[in-house]
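# Overview (structure and organization)
These are the residues of each chain, in order.
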Amino acid sequence: MKLKDLEIGSRVREPKSGLIFFVAAQNHPGYGGTTLFAEKILELGCMDAAEPEHPNPGKPPVYGQAAEYGWNDYAASNLNQWLNSGAENWYQPRHGWDRPPEAPCLRYNEVPYLHRPGFLAQFSDLFLQALLEVEVPYLKRSRLDQGELAYTKAKVFVPSRTEMGKGDEHGVAEGEMMPLFHDYSVYRTTMTEPLLAKYGREINPERPSARYDAPQIYDPKYGWWYWVRTANMGYTFLNRVASPYGALSYTYANNDVVGIRPMVNLDSETAVESNRKFMEVFTLREASGAGKIA
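Model, not experiment: these values are computed from the prediction.

Turning next to the side chain of Ser243. For Ser243, the position within the fold is in the loop between strand E11 (238–242) and strand E12 (248–252). Of note is the side chain of Ser243, whose polar atom sits 2.8 Å from the backbone nitrogen of Ala247.

Attention shifts here to the environment of Pro101. Mapped onto the secondary structure, Pro101 falls in the loop between helix H2 (78–83) and helix H3 (125–130). For Pro101, a relative accessible area of 0% gives the class buried. Along the primary structure Pro101 and Asn254 are separated by 153 residues, whereas in three dimensions their C-alpha atoms are 8.1 Å apart. With near-sequence residues (within four places) excluded, Pro101 lies in contact with Cys46, Ala49, Asn78, Trp90, Leu106, Pro112, Tyr113 and Leu114.

Residues Leu79, Trp82, Leu83, Phe119, Phe181, Leu266 and Leu284 are the most contacted members of the largest nonpolar core, which totals 73 residues. Broken down by element, this core gets its largest block of residues, 5 residues, from strand E2 (residues 20–26). If we ignore the near neighbours within four places in the chain, the residues touching Leu79 are Cys46, Met47, Tyr113, Val158, Trp227 and Ile260.

It is worth spelling out the confidence of the model for the chain at this point. The pLDDT averaged across the chain works out to 87; a share of 85% of its residues lies at or above 70. pLDDT under 50 marks residues 289–294. Its contacts with residues more than four places away, or in other chains, come to 11 contacts.

Rules behind the numbers
Residues numbered from 1 in each chain as written. Predicted model: local features only at pLDDT ≥ 70, side-chain atom pairs only at ≥ 80, totals over all residues. Heavy atoms only, no water. Helix = DSSP H or I, 4+ residues; strand = E, 2+ residues; numbered from the N terminus. Polar contact = N/O pair within 3.5 Å; in protein donor to acceptor, adjacent residues only side chain to side chain. Buried < 20%, exposed > 50% of the residue type's maximum accessible area, 1.4 Å probe, protein only. Contact = heavy atoms within 4.5 Å. Core = buried A, V, L, I, M, F, W, Y, C linked by side-chain atoms within 4.5 Å. pLDDT = per-residue confidence, 0-100.

Right under this line is the structure:
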């Protein structure tokens, strides 16, 4: 059996990390291959650290505070760079005022990830060879309440509000809705077990400002909120987030206690097999009789 044979909503296990993904789409417009969406939040971290030297084009200034709260340009974000690297030292400045995700440039300084290995470091060669680089559409803010559709090449990315079936930011579609999101239950999620053990429910920071961000951090009934790549066009520093019960909101780009629940595109010819140990989960495997992916 191959990835292309799996139904939408099927669960796929990566063999080295053990992480599980849902099949979100097959041969999705603009992407191709098999699109997978993480079953759970795989890490926490900011979208982009504050950039103290970032010029403020906001008029009035309240709309342009990337210097204090991070920049919501997805292609230039810390998160986009980290997701697409497997290097130990993954961070390289993307522009003249870029800053890495570490103190004091984070909202709470709870979860810095400058010294965390790149996201791709945890996966098998089989998974890495199957990854497809695609042109990811995102809305780039051009001025107050206006943006233009842009593209960035990526193998790993977080979904857009359009892809999640949550409408288009200011009428601009960032791709097309994926079939998986017709099933409302996929929004409900929590962290992986290692993250729960590491952070638990103590991740809600006890800060005077925490009450403003609480909905974007943790909901004790349903779980954690997680990043959407869509920028809030009203500001230079706010990004969309999705709730585990289907709502859409926004928070500061440098909010470091928001979940990361990424997507990938894999070669749909990649072989998979069912595994009795992991009920109703398909595991990637080498094609029979071959030393490489079929």
